[in-house]
Amino acid sequence: MEFSSLIFIYGFLPLSIALYYAFPVKHRDKLLLLISAVFCAAQSLYFLGFTAVYTLFNFLTGKAVEASGDKKRLSAAVLSVGIAADLSAFILLKSETFSGEVPILGFIGISFMTMSAVGYLADIYRGRIKAEKNIMRFALFIIFFPKLPLGPPLSYSSFTGMLRKKKTGLSEIGTGLGIFMIGLAKKVIFADNIYQLYSAVSSAEVRSISALSAWLGAFAYMLSLYFSLSGIADMGIGAARCFGIKMPQSFNYPVFSMGIRDFCIKWHIPAVRWIKHYIITPLTAVSKKKKWQTALITIAAWGIFGLWYELSLNKLIWGLFIGTALVIESNFSSQKGIKAASVVYTLFVMLLCWVFFFGDSLSYSLHYLIAMIGGNNNIADSVSLYLLKYYAVLLLAGAYGATDLFRNLIIKSKKIKLRKAMEIISPVCWLALLIICTALISYSGTSEMLLLKM
């Protein structure tokens, strides 16, 4: 059951909200756990069974790590076993062979579950938190349905803090549904339609496509990936807000970033922070902060981040390239020429990186890069000119939507005398978006986009 499916939009979410507010306040967290379990079961009974075992294992491992805290070697050994088991489950469920036999996870739930579990165990080992005594609260941390498909990977202390600070009511529901509708529009109106351009380009023989088609395809993939991931993340944030839980932003308009570092800060923010907090920072501390060692750790960490999306050579190369570009940029960040053209060069570098992200194989990606530089002796043809003409308006609208210009316009309008007008117009806009998205989903039968194999 996808967030952008009609059964979720018109059935699961409104029914869950109604039940939540009808329940006594002291039992609402338990109800959220039950609702999340139903969401897991809707994916598959295999998924529900797996999450039950996964939750129990990490709950008991956390208690074992804490119990052996006075004995550092024993505590480290227990932590290592727990992390090894979590990573083994991650690798097993991400492998195409197993996932083809048993379709356990719809999107990338196992990726975020692994981050959450490993971070929880590591924080207990470091003495930052105490092991949770209430298994139901811990289970909600693992399988809370708004953060299950696309995160964010929260620390346990952050998640429990959000539970304690819940603010419920009609205003929260209204705000949450507004955020949900923005995410739905990103996914259904922009991501799914822009993806059709990439699909048209990728369906052609890579050794014959024109340079213009190749650049259009790469740009379309980048935009559709951004709108898909940020849209699903926004839908999760909006759904959580309906229950009074404020989850952090996952994307901050990274497409037109002013530098590779700026992109890394704005892309999948909680996940990147997790990589920095649990991988880069500890390893850098051990390496005594030598410059070349820090550079290698940064590059390797981004390689791991690529594998986190998908266990493939191409995703590894994608991460290594971004890490390398980040290290190179850090050595030239003071150059005025780079700052002046930061958006252009960042977009250029990232488009080249995305070629490895969407390629099915290294050979395909290399041939695609050759096509981008005109290596097929075909700069532009009738197909590329047709695609450019047909998708120009959508690409321009998508490019505008991928910036913060519209958001800033809304913010400024609220600061002046248009606040009342915005409060009246907003519900009408959300309703219009809902009608449009419903029509598009009904027409295609689904809003699923096979963009990521994660």
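Residues numbered from 1 in each chain as written. Predicted model: local features only at pLDDT ≥ 70, side-chain atom pairs only at ≥ 80, totals over all residues. Heavy atoms only, no water.

**Notes on the overall build of the protein**
Okay, so step 1: Tallying secondary structure elements over the protein gives 20 helices and zero strands in all.
Okay, so step 2: Here the protein holds 454 residues, and the buried ones make up 51% of them.
Okay, so step 3: Taking the contacts inside the protein whose residues are at least 6 apart along the sequence as the reference set, 77% of them involve residues at least 24 apart.
Okay, so step 4: For the protein, the accessible surface area stands at approximately 21800 Å², while carbon and sulfur atoms represent 67% of it. (Helix = DSSP H or I, 4+ residues; strand = E, 2+ residues; numbered from the N terminus. Buried < 20%, exposed > 50% of the residue type's maximum accessible area, 1.4 Å probe, protein only. Contact = heavy atoms within 4.5 Å. Areas by Shrake-Rupley, 256 points an atom, 1.4 Å probe, with all protein chains shown as cover.)

**Some words on the layout of surface pockets**
Okay, so step 1: Put simply, the second largest pocket is a space of about 630 Å³.
Okay, so step 2: If you go around the second largest pocket, you meet 21 residues; those closest to its centre are Arg261, Lys276, Ile280, Thr298 and Leu326.
Okay, so step 3: It is helix α13 (residues 291–309) that contributes the most residues to the lining of the second largest pocket, seven residues altogether.
Okay, so step 4: Classifying every residue of the lining of the second largest pocket gives twelve nonpolar, four polar and five charged. (1 Å grid on protein atoms, 1.4 Å probe; cavity = no way out; pocket = protein on both sides within 12 Å on 5 of 7 lines; lining within 4 Å. Points joined across faces, edges and corners; volume = space filled by probe spheres on them. Nonpolar A, V, L, I, M, F, W, Y, C, P; charged D, E, K, R; others polar.)

**Focus on the nonpolar core**
Okay, so step 1: In terms of nonpolar packing, the biggest core is built from 134 residues, with Trp267, Phe305, Trp318, Trp354 and Tyr368 touching the most fellow members.
Okay, so step 2: For tryptophan 354, the residues in contact, after removing those within four places along its chain, are Tyr221, Met222, Leu225, Phe263, Trp267 and Trp318. (Core = buried A, V, L, I, M, F, W, Y, C linked by side-chain atoms within 4.5 Å.)

**Section: the pattern of salt bridges**
Okay, so step 1: Applying the stated criterion across every chain yields a total of nine salt bridges.
Okay, so step 2: Residue lysine 186 pairs with aspartate 234 through a salt bridge whose shortest N-O separation is 2.7 Å. Residue lysine 186 is located in helix α9 (residues 170–202), and its partner aspartate 234 is located in helix α10 (residues 211–242); the two are separated by 48 residues in the primary sequence. Pair check on accessibility: lysine 186 and aspartate 234 agree, each one buried.
Okay, so step 3: Here lysine 187 ties to aspartate 192 by a salt bridge, and the two come within 2.9 Å at their closest N and O atoms.
Okay, so step 4: Judged by relative accessible area, which is 3%, lysine 187 ranks as buried. (Salt bridge = Lys/Arg side-chain N within 4 Å of Asp/Glu carboxyl O.)

Coordinates in, geometry out; function isn't part of it.
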